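# Residue-level structure breakdown
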Amino acid sequence: MLAIWIGKLALWTLRLLGRKGTSLPGQLALRLNPRILEALGRQLTSCIVVTGTNGKTTTTALLAAVLRVRGPVVVNTDGANLQQGLVSALLVHTDWFGRLRTKTALFEVDEATLPRVAAVLPIRWVVVTNLFRDQLDRYGELDLALAKIRDGLQQTDAGLVWNADDPLVCRLGAETRRQGKPQVSFGLHPDHLQPPWRDLVRDGAFCLACGNRLQYDGFFYGQLGVYRCCHCGFARPDPDVVGRLESASLIVQSRHWPSPAAHGNRLAADPAGAGTFADQASIALPVRGLYNAYNALAAISLLAELGFQPDEIQAGWASFQPPLGRMQVFATRPTSVLNLVKNPAGCDSVLRAILAEPGDKVLCVAINDQAADGRDVSWLWDADFELVADLGGVARCVTTGMRAEDMALRLKYAGYPPGHIECVPDLAAGVAQALAAGWSLGGLSVYVLATYTALHPVAQLLAERVVADADPTQAAVHRASVS
Amino acid sequence: MPTPRRRLFIAHLYPDLLNLYADRGNIQTLRRRCEWRGIEVEVAAVSLTDELQLGDYHLVLLGGGSDREQEIVAEALRRRRAEWRAAVNDGLPVLAVCGGYQLLGSYYQLRDGRQVEGLGLLDLVTQAGPTRLIGNIAIDSPEAGRIVGFENHSGRTRHHHQPLGRVIAGHGNNGEDGWEGVRYLNVFGTYIHGPLLPKNPRLADLLLHTALRYAGLPDHLDPLDDRLEWAAHEAFVARRIES
Ligand SMILES: [Zn+2]
């Protein structure tokens, strides 16, 4: 009980200080009572877990927005996905007698944390977004992340919602099916396939069953794509839920949403996908970029399984706010957009999304190498920063953070002109420099990429610079008239 | 006198299997530092199914992978052992990093005691240790000065050749004897990645020098504007090694 009191006190104190307390209260409570997660988790009736390398936070936020329509849910936010984050979230819903008032939980859980919490939570569903190379100095190797999730799954009877486009995750799906547990796979429509034209890292490019190289018809991003092994027959299955991005909407085909037409004439459905699904729904997305369409698809797959209808999902997402650092827009002068980057695949998808935005822009990359970022910055060289040089439209690059120089070097060797790179290690000075550059170039938007420990400070710096009635187009016009 | 046309052929071995630690950074560094000097360069990404002709290249790069991937490569490499030995004794420049470095030796002993046989080019053995040796590293190399980067390996390597350098900070070959990497003829083996070459331009140019000489081409290298490279090198030393 003392642990709960201390944890709750910490929560209240942090709130009084205007802080969120996503981690510290849980950390204190765990120190006093290492079994507190069990004590609180036991009081839950059901729990949903989202894990995987990329997209956990956004997928969790998308799920939460819809689940909350039906009632309160315990949710850990802002990527606080270790044990202390889970406990902190539970403490918010616990009274001073140690009673949990909310009985359902939705947790984003770090891959390595999953096996340590799986046994003490009543997990009904686990969503696995994808498995990319991430922070190798923390887990050793990729296979280990897969092993951790497998270990976690085996401690529960949970159903699995899994990404069929990822050959690593596909192994988990196949195992879950063999064990007779419920499972739902999701995948993008082949319309989105890209030929493998860039020399990118493909973490899962080898068959986990027999070790031979996988053949790809094409890629969605990273190692996600339509794959098969010619030696043992391992192949991407037809996903249960298929999504196709059409401007800002996701066209979803799910067995749970048969349209009236499909009831009467099932054969009219066209699974090859010429664009005429009989049982499809169109859902407007509150998030931008193909990688976010994946997150939405993962969320939709589970929500459909839980009995939600497309209009309920749509309603839940109507007032959705993207989580911290996911294409988060700040009304600074000029406008800035903040994105978290943590590994090559995620960074590539963010770069593509940014470079697809109209107009010239300033890029600001904030790289730290604290434990939570990964102390090894090798991954910067696996990320496709060549895109910045090749696709054009980036008028200036400002690199900042503890590894600003490494990032500057990365851009130079990517073929970006060194004369347009400014290296400013101090975060505050770096952010100021990027905004100043955007301003002096005529009000160009500033796109900021930041690693985990740089994200919060940068968000704070940008928030401080938000101007009451900033209008970037006005700023640009004003500037043009002066010069 | 006009400079004769110079053209280097570089083989990047099995990038789909051995690319755990951003070997792309090493490739990009070699490629750009040639281009900036008007040296033509072709980098061939050689995969397991390709027929590898060592004689076609002036520099060969071998990176690291996970245990599973490294075993697949070890098996493929062993089939061409005689060819490798001849090429290396003939002076073929080789840069082998992490797992690639281990593969040059006689064997790599896994934690379960099983030995994965390597190329056997060097009198070098590696044993999996109880912990991973992880962290920032700096070494002093007699040929290339201070070399900085990151290491992450569970293997403990021991050999009787010249090391690449002496450890100033970090673990090196085995965390015990204070040595890092290996130098043998034109073979450079090391645990340092991060990647290795961008922040260590002297080492990058030493490799290019070696490759040009092996190719029988004029080996002078015009100086480059390396201010960013040295800024990154020095900042790393100041913030990650000395503090
Ligand atoms: Zn296979």
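Computed from a predicted structure; not experimentally measured.

Residue and element names in this part refer to chain A. As for its position among the elements, Ser-349 is in helix α13 (residues 344-355). Its relative accessible area of 8% is what places Ser-349 among the buried residues. At 2.7 Å, the side chain of Ser-349 and the backbone oxygen of Gly-346 are in polar contact. Sequence-distant contacts of Ser-349, defined by excluding residues within four places in its chain, comprise Tyr-221 and Tyr-291.

All names here are of chain B. Within the secondary structure, Ala-231 sits in helix α6 (residues 227-241). Judged by its relative accessible area of 32%, Ala-231 falls in the partly exposed class. Sequence-wise, Ala-231 and Ile-137 are 94 residues apart; in three dimensions their C-alpha atoms are separated by 17 Å.

Attention now moves to the interface of chain B and chain A. Contacts between chain B and chain A engage 41 residues on the former and 36 residues on the latter. Carbon and sulfur atoms supply 50% of the area that chain B and chain A bury against each other, a total of about 3200 Å² over both sides. Together, B:Arg24, B:Arg68 and B:Leu228 form the three largest contributors to the area buried by chain B at its contact with chain A, with a combined 22%. Counting across the interface, chain B meets chain A through six salt bridges.

Before going further, it helps to examine the packing of aromatic side chains. All names here are of chain A. Counted by the stated rule, this structure contains seven aromatic pairs over all chains. Geometrically, the ring pair formed by Tyr-216 and Phe-219 is stacked, given 4.1 Å between the ring centres and 25° between the ring planes. With 6.4 Å between their ring centres and 75° between their planes, Phe-220 and Tyr-294 make a pair best called edge-to-face. On the criterion of sequence distance, the pair formed by Phe-220 in strand β7 (residues 215-221) and Tyr-294 in helix α11 (residues 290-305) is long-range, its members being 74 residues apart. Classification of Tyr-294 as buried rests on a relative accessible area of 5%. What links up through ring pairs into an aromatic cluster is the set Tyr-216, Phe-219, Tyr-227 and Phe-234. Here the guanidinium or amino end of Arg-15 rests over the ring plane of Trp-12, the centre of that ring lying 5.8 Å away.

This paragraph deals with the sheet that holds strand β15 (residues 394-400) of chain A. Residues and elements named next belong to chain A. If you trace the six strands from one edge of the open sheet to the other, you get β12-β13-β17-β14-β15-β16, paired in mixed fashion. Strands with a single pairing partner mark the edges of an open sheet, and in this sheet they are β12 (328-330) and β16 (421-424). Shown here is a sheet whose adjacent strand axes are inclined to one another by a mean of 20°, direction ignored. Bridge count for β12 against strand β13 (residues 336-340) is three bridges, and the pairing is antiparallel.

So, about the coordination of the zinc ion. Residues and elements named next belong to chain A. Looking at the zinc ion, the protein donor atoms are Cys-207 (SG), Cys-210 (SG), Cys-229 (SG) and Cys-232 (SG), and they sit 2.2 to 2.3 Å from it. Metal-centred angles of 98 to 116° between the four donor atoms at the zinc ion mark the site as tetrahedral. All donors of the zinc ion belong to a single chain; written as a sequence motif, their spacing is C-x2-C-x18-C-x2-C. Of this pair, Cys-207 sits in the loop between β6 (183-188) and β7 while Cys-232 sits in the loop between β8 (224-228) and β9 (241-246); the two residues are 25 residues apart in sequence, bridging distant segments of the chain. Under the relative-accessibility criterion, Cys-207 is labelled buried at 0%.

With that settled, the discussion passes to the domain arrangement of chain A. All names here are of chain A. Partitioning chain A into structural domains gives domain 1 (2-316) and domain 2 (326-482). Taken together, the contact between domain 1 and domain 2 spans 20 residues of the former and 26 residues of the latter. Together domain 1 and domain 2 conceal approximately 1900 Å² of surface at their shared face, both sides included; 46% is due to carbon and sulfur atoms. Between domain 1 and domain 2 we count three residue pairs in polar contact (both at pLDDT 80 or more) in total.

What follows covers the confidence of the model for chain A. For chain A, the average pLDDT comes to 86, and 88% of its residues sit at 70 or higher. Predicted confidence for residues 470-483 of chain A stays below pLDDT 50, and this span has 11 contacts to residues more than four positions away or in other chains.

Residues in a regular strand point their side chains to alternate faces of the sheet. Residue and element names in this part refer to chain A. Of all five residues in β13, five are buried, a share of seventy percent or more. Alternating positions in β13 separate into two faces, Ser-336, Leu-338 and Leu-340 on one and Val-337 and Asn-339 on the other, with burial throughout. Here β12 hands over to β13 after five residues, the two strands then running antiparallel side by side. Where β13 meets strand β17 (residues 445-450), five bridges bridge the pair, whose relative direction is parallel. Bridging across to β17, Asn-339 finds its partner in Leu-449.

A word on the nonpolar core. Residues and elements named next belong to chain A. Of all hydrophobic cores here, the largest spans 81 residues; its most connected members are Leu-106, Ile-313, Trp-317, Phe-385, Val-388 and Leu-449. For this core, the element with the highest residue contribution is α11, accounting for 11 residues. Residue-level mapping places this core at the junction of two domains, with at least three residues from each of domain 1 (2-316) and domain 2 (326-482). With residues up to four places along the chain from it excluded, the contact list for Trp-317 reads Leu-62, Ala-65, Val-66, Ile-283, Ala-284, Leu-285, Pro-286, Ala-296, Ala-299 and Ile-300. In terms of nonpolar packing, the next biggest core, distinct from the first, is built from 49 residues, Ala-3, Leu-44, Ile-149 and Leu-172 among them.

Criteria and thresholds
Along every chain, residues carry numbers that run from 1 in the direction the sequence is written. Here every chain gets a letter starting at A, and every ligand a number starting at 1, in the order they are written. It should be noted that, the model being predicted, local features are given only for residues of pLDDT at least 70 and side-chain atom pairs only at 80 or more, the latter also being counted only at that level, while totals for whole chains, interfaces and linings use all residues. For side-chain calculations, the full set of non-hydrogen atoms in the structure is used, while hydrogens and water are omitted. Going along the chain from the N terminus, every DSSP run of H or I of four or more residues is numbered as a helix, and every run of E of two or more is numbered as a strand. Only protein chains enter the accessibility calculation, which uses a 1.4 Å probe; a residue whose area is less than 20% of its type maximum is buried, one above 50% is exposed, and one in between is partly exposed. Here a polar contact means two N or O atoms within 3.5 Å. Within protein one must be a hydrogen donor candidate and the other an acceptor candidate, and residues neighboring in sequence count only if both atoms are side-chain atoms. By definition, residues are in contact when any of their heavy atoms lie within 4.5 Å. Computed with a 1.4 Å rolling probe, the buried area is the accessible surface lost when two parts are put together, summed over both parts. Basic side-chain nitrogens of Lys or Arg form a salt bridge, by our definition, when they fall within 4 Å of a carboxyl oxygen of Asp or Glu. Only rings of Phe, Tyr and Trp enter the pairing, Trp through its six-membered ring, and a pair is recorded when the two centres are within 6.5 Å. The plane angle decides the type: under 30 degrees is stacked, over 60 is edge-to-face, the rest tilted. The criterion is that NZ of a Lys, or CZ of an Arg, lies within 6 Å of the ring centre and within 35 degrees of the ring normal, and then a charge sits over that ring. Pairing between strands is defined by DSSP: at least two bridges between the two strands are required. To obtain an axis, a line is fitted to C-alpha atoms, over the contacting stretch when the element is a helix, and the angle between two such axes runs from 0 to 180 degrees between their N-to-C directions. A donor here means any N, O or S atom no more than 2.8 Å from the metal (3.2 Å for Na, K and Ca); water is not included, so a site may seem to lack partners. Under the classification used here, a metal with four donors is tetrahedral if each angle lies between 85 and 135 degrees, square planar if opposite donors are over 155 degrees apart and the others between 65 and 115, a six-donor metal meeting that same test is octahedral, and anything else is irregular. Where each domain starts and ends comes from a domain assignment, either automatic or drawn from a database. Confidence scores here are pLDDT values: one per residue, from the predictor, ranging 0 to 100. In plain words, nonpolar cores are sets of buried Ala, Val, Leu, Ile, Met, Phe, Trp, Tyr and Cys residues tied together by side-chain atoms within 4.5 Å.

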